[in-house]
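Here's the letter readout for the chains.
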Amino acid sequence: MAEPIRRIAIFGAGAGGTAAAAHLSTLGFAISLYSEDGAALEPLSAIGGIRYTAPFGDGFAAIGCITGDAGEAMHGADLVMIVSPAHLHEKWVSAAAPHLGAEQVLLISPGHTLLLIPHVLREHGVRRPVFCETATLPYLCRRIEPDKVRISRVSDYMVFGAFPGRETARLHRLVATVYPSVQPFANVLETVFPYGNAIHHPPATLLNAGRIEATGGDFRHYYDGITPAVGRLIDAVDRERLAVAAALGARTMPFVELFWRMGYTTDAAYATGLAYEAFHQSEPDKWIMAPKSLDHRYLLEDVPYGHLIYSELGRLAGVATPTIDHVIHLAGVVLGRDFRAEGLTLARMGFGDITRAAFLGLLEDGFDE
Amino acid sequence: MTVRSVAVLGAGHGGLAAAADLGQRGYEVRLHARREEALEPLRQAGGVTVEGARRGLVPVALATTEIDRAVDGADLVMLVVPSLAHRYCAKVLAPLMRPDLPVLINPGHTGGALGFVQGLRECGYDGPAMTAETVTLSYICRKTGPAGVAIFSYVKNLKFAAFPARMSRDMLELVRPIYPEIVPAGSVLETGFANINAVFHPPGMLMNAGWIEDTAGDFPFYREGITPAVGRVAGEVDRERLAVARALDVPSAPFLENFLAAGLTTPAAARSGDISLACRQSEPNRTIKAPPRLDHRYMHEDVGYGLVPFAAFGDLAGVATPTIDAIVHLASEIMGIDFARDGLTLERMGLAGLAPGALARFALEGTADG
């Protein structure tokens, strides 16, 4: 596809989806917005777009097509961008699959569900699935009113990879015309590791569980909640994550470096290499309050779609991940759930028995047929 | 034999309480501490000033850092030290040990006497040892100053057992006049599994680690810190503990039953099965604040000498303890201490390589040999 990207279909009308719609609309792209959640679309349909307040200004972004019909949203789109929590990836990709043309670029942002998306596409008859993803959401944003989104920050560093890995360079050239901050990494294994939330949310939430419940989250999650001891547990999780990545030959970086590269902390904090310093010196995160209850994505998403993937990859690589495994277990006891049964395992991606070599080959070369 | 003279090892909260209590009741107290600084204030004051259940200035017959002087002529040696110090006590007592010198470990928590006797063995004492332990300290007390202590009350229904258990009658006869509240258990396995602090302190510390560090423990630990989620984790620890005890044929009651028996909650809260509710409705614990830092016996003692031996017994029994293991591991990471290595392991209790079926005999006889 040599044509530049002009039309973008966005799947997801939450904070991230509407932030993307607003931002990309102001950049001159033609946007269509799809969600199966009619209640989320209704206030947007009523005004024909989304209001926004952002570093690039305040205003109203008209959206040409706001629809509950995935096919309609995707018609004529050059790029289909799915912006949703990981646990909805299966559903959104299933909705897109029947309409996906060979020339359309599928971007998941944030992705980090490894082989789940190709697996779902294969189940829908796409024999040689191709897609790309960013490790993180492009925005720090919040839906502050039903028809208004606040964008606090547009990311200036996003780890990017494609499936299969040999498509990364081509897709990177295309997506960089939309998001110039995307950095090409080898493949979707390298986008799974630098997902910061998956590293620090579960340990920080677990070690503040009593305070969250007792106070309804009435403290600053990062600034007050990530004390030196909490930071040490995050560092321990991070060491295991890095060991798994190294054993699989995936290029990644320590969490503190990633956090610093994303512009969230100071050079001095980066120099210590400690999660505690990184958060304590984070101006953007300083005033973010803790979750109001433990029934929150910090555990509900970041354990089954974050910690669990690292544990699964550790098993595949033959690297022990005791700290990560114990956090998964205790988070399950806390919420009365079996995260290993309900989370994203290799088996759920369709590769329960895959070998390390076959897995790495698949990531790079994709499916033969 | 009747005990007249007691060597009290330890001059912390419990040691001073014992020195004052026993001294006032006419026993000769031979007080030992590792550091001179702990004893000098007592010499200057002319004894221990006690308030609460006992009152007055109680002279101490002897206050010394020399263990042999403390033990010389004592009818009973009583360890009133944190569990971490049991091995040290074993080391210094090993050269002085005799088959007829009774040692009471007050408190033994989980595996205290087993660990102490194994410590004697490792330090070259291979004769019979006559020991006993209480599950928790016999006093509710707090130091009021370098030479003062307040005894709020004596602990009621205090579980007590001898090691080896065949010495139970002799040890009971010696200790009962001193602590009439003791209730004999079948063996130190039974007292060890009755350790309630290990069930709820470590989850409370771990899951409030951020709060404790951020505020220096400025919140009511039991009333606010043991929330429903913390209570669920403590409940899971308790289920694992009971499963291990059951597999080893050691009688053990649920946490809430022991908590109620200790007078720490209401019958309704105990019946609810909800550890969080029981803590929130604990009148004696209502105003107790969280520790000012994580570096505290709720971690050191209740993980290393509570959860670690629970997990060790689980290994012996072939019963999985995933929640206990998770807490031990995560506590180790945040404290920078390898509790599973440094705590009370099977090796340190003298139980390494023991078949599960041989445990009861070991507890009874003090040896695995026929």
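What counts and what doesn't
- Residues numbered from 1 in each chain as written.
- Chains lettered and ligands numbered in written order.
- Predicted model: local features only at pLDDT ≥ 70, side-chain atom pairs only at ≥ 80, totals over all residues.
- Helix = DSSP H or I, 4+ residues; strand = E, 2+ residues; numbered from the N terminus.
- Buried ≥ 20, exposed ≤ 12 C-beta atoms within 10 Å, placed from the backbone.
- Contact = placed C-beta atoms within 7 Å.
- Rg over C-alpha atoms; globule rule 2.2 N^0.38 Å.
- Pairing = 2+ DSSP bridges.
- Axes fitted to C-alpha atoms, helices over the stretch in contact; angles between N-to-C directions.
- Parallel < 35°, antiparallel > 145°, perpendicular 65-115°, else oblique.
- Left-handed = near helix turned anticlockwise from the far one by under 90°.
- Domains from an automatic or database assignment.
- pLDDT = per-residue confidence, 0-100.
- Nonpolar A, V, L, I, M, F, W, Y, C, P; charged D, E, K, R; others polar.
- Expected span 1.5 Å × (residues − 1).
- Bend = angle between axes of the 7 residues up to and from the residue.
- Core = buried A, V, L, I, M, F, W, Y, C linked by C-beta atoms within 7 Å.

**Comments concerning the overall build of chain A**
- Helix and strand counts for chain A come out as 17 helices and 12 strands.
- Along the three orthogonal principal directions, the C-alpha set of chain A runs to about 50 × 50 × 40 Å.
- Here chain A holds 369 residues, and 53% of them are scored as buried.
- Partitioning the intrachain contacts of chain A with sequence separation of at least 6 by distance along the chain shows that 73% fall at a separation of at least 24.

**Let's talk about the overall build of chain B**
- Along chain B, the regular secondary structure elements total 18 helices and 12 strands.
- Its C-alpha atoms give chain B a radius of gyration of 20 Å, within 12% of the compact-globule value 21 Å for 370 residues.
- For the C-alpha atoms alone, the extent of chain B along its principal axes is close to 50 × 50 × 40 Å.
- Looking at chain B residue by residue over its 370 residues, the buried ones come to 56%.
- Taking the contacts inside chain B whose residues are at least 6 apart along the sequence as the reference set, 73% of them involve residues at least 24 apart.

**Brief notes about the sheet that holds strand β6 (residues 76–79) of chain B**
Residue and element names in this part refer to chain B.
- Strands sit in the order β5-β2-β1-β6-β7-β8-β11-β12 across an open sheet of 8 strands; the sheet is mixed. Every interior strand has two partners, whereas the edge strands, β5 (62–64) and β12 (182–184), have only one. The mean inter-strand angle of the sheet, taken between neighbouring strand axes irrespective of direction, is 25°.
- Along the sheet, helix α5 (residues 112–122) contacts β7 (102–105), β8 (130–134) and β11 (158–163); its crossing angle with β8, the most-contacted strand, is approximately 150°.

**Some remarks on the pairing of strand β3 (residues 48–52) of chain B**
Residues and elements named next belong to chain B.
- Direction of pairing for β3 relative to strand β4 (residues 56–58): antiparallel, over a ladder of 3 bridges. Looking across to β4, one finds that Val48 is bridged to Val58.
- Hairpin geometry of β3 and β4 is characterised by an intervening segment of 3 residues between the two adjacent antiparallel strands.
- Strand direction decides the pairing type here: β3 and strand β10 (residues 148–154), joined by 4 bridges, are parallel. Directly across from Glu51, in β10, lies its bridge partner Ala150.

**So, the sheet that holds β3(B)**
Residues and elements named next belong to chain B.
- Pairing is mixed across the open sheet formed by 4 strands, whose spatial order is β4-β3-β10-β9. The open sheet has two edge strands, β4 and β9 (139–145), and neither has a second partner. The average undirected angle you get between the axes of adjacent strands in this sheet is 30°.

**Re the packing of helix α8 (residues 197–206) of chain B against helix α15 (residues 297–317) of chain B**
All names here are of chain B.
- Packing of α8 against α15 leaves a shortest axis separation of 9 Å and a crossing angle of 125°. Judged by the angle between their axes, α8 and α15 are oblique. α15 is crossed by α8, and the crossing has left-handed handedness. Counted together, Asn197, Ala198, His201, Pro202 and Met205 of α8 and Tyr298, Met299, Asp302, Val303, Gly306, Leu307 and Phe310 of α15 form the full contact between these two elements.

**Side note on the domain arrangement of chain B**
Residue and element names in this part refer to chain B.
- The assigned domain composition of chain B is domain 1 (5–192) and domain 2 (197–353).
- Inter-centroid distance (C-alpha atoms) of domain 1 to domain 2 is 24 Å.
- Between domain 1 and domain 2, the residue contacts involve 17 residues of the former and 19 residues of the latter.
- Of all elements in the fold, only α5 and α7 (188–193) reach the threshold of two or more residues within the side of domain 1 that touches domain 2.

**Brief notes about the domain arrangement of chain A**
Residues and elements named next belong to chain A.
- Splitting chain A by domain gives domain 1 (7–184) and domain 2 (196–356).
- For domain 1 versus domain 2, the distance between C-alpha centres works out to 25 Å.
- Contact with domain 1, which involves 14 residues of that partner, is made by 13 residues of domain 2.

**Quick look at the environment of Gly111(B)**
- Along the chain, Gly111(B) turns up in the loop between β7 and α5.
- Distance in space between the C-alpha atoms of Gly111(B) and Thr287(B) is 30 Å, their sequence separation being 176 residues.

**A few points about the confidence of the model for chain B**
- Taken as a whole, chain B shows an average pLDDT of 96; of its residues, 100% reach a score of 70 or greater.
- Per the prediction output, this complex has pTM 0.93; the corresponding ipTM is 0.93.

**Focus on unusual backbone geometry**
- With omega at 10°, the peptide bond leading from Asn106(B) into Pro107(B) counts as cis.
- In this fold, Pro107(B) is placed in the loop between β7 and α5.
- With an omega of 0°, the peptide bond running from Phe163(B) to Pro164(B) counts as cis.
- Checked against the element boundaries, Pro164(B) lands in the loop between β11 and α6 (168–175).
- Its identity as a non-glycine residue notwithstanding, His112(A) has a phi of 50°, on the positive side.
- Relative to the helices and strands, His112(A) resides in the loop between β7 (105–108) and α5 (116–123).

**A closer look at the interface of chain A and chain B**
- The interface of chain A with chain B comprises 26 residues on the first partner and 26 residues on the second.
- Mapped by element, the contributors of at least two residues to the side of chain A that touches chain B are α8 (209–215), α9 (228–247) and α15 (322–335) of chain A.
- Its residues placed into classes, the side of chain A that touches chain B shows 15 nonpolar, 7 polar and 4 charged.

**Observations concerning the pairing of strand β10 (residues 148–154) of chain A**
Residues and elements named next belong to chain A.
- Bridge count for strand β3 (residues 49–54) against β10 is 3 bridges, and the pairing is parallel. Bridge pairing links Tyr52 to Val149 in β10.
- Pairing geometry for strand β9 (residues 139–145) and β10, over 6 bridges, is antiparallel. Residue Leu140 lies in a different strand from β10, and its bridge partner there is Arg153.
- As consecutive antiparallel partners, β9 and β10 are separated by 2 residues.

**Some thoughts on helix α16 (residues 322–335) of chain B**
Residue and element names in this part refer to chain B.
- Over its 14 residues, α16 runs 20 Å from end to end, which matches the ideal 20 Å to within 8%, given 1.5 Å per residue.
- A large share of α16 lies buried, amounting to 13 of its 14 residues.
- Positive backbone phi, approximately 70°, marks Gly336, located one or two places after α16.

**Description of α15(B)**
Residue and element names in this part refer to chain B.
- The principal kink in α15, of about 40°, is found at Val303.
- Within α15, 18 of the 21 residues are buried, which leaves it mostly tucked inside the rest of the structure.
- Phi turns positive one or two residues past the end of α15, at Gly318, with a value near 75°.

**As for the nonpolar core**
- If you look at the biggest cluster of nonpolar residues, it comprises 257 residues, and the most contacted ones within it are Ile10(A), Met81(A) and Met78(B).
- Of all the elements, α15(B) adds the most residues to this core, at 11 residues.
- In this view, Met78(B) contacts Val6(B), Ala7(B), Val8(B), Leu9(B), Ala18(B), Leu104(B) and Asn106(B); residues no more than four positions away in its chain are not counted.

**With respect to the environment of Ser311(A)**
All names here are of chain A.
- Within the element layout of this structure, Ser311 appears in helix α14 (residues 303–317).
- Under the C-beta neighbour-count criterion, Ser311 is labelled buried, with 26 such atoms within 10 Å.
- Residues Ser311 and Ile354, 43 residues apart in the sequence, show an inter-C-alpha distance of 15 Å.
- Other than its neighbours up to four places away in sequence, Ser311 contacts Thr321, Ile324, Asp325 and Ile328.

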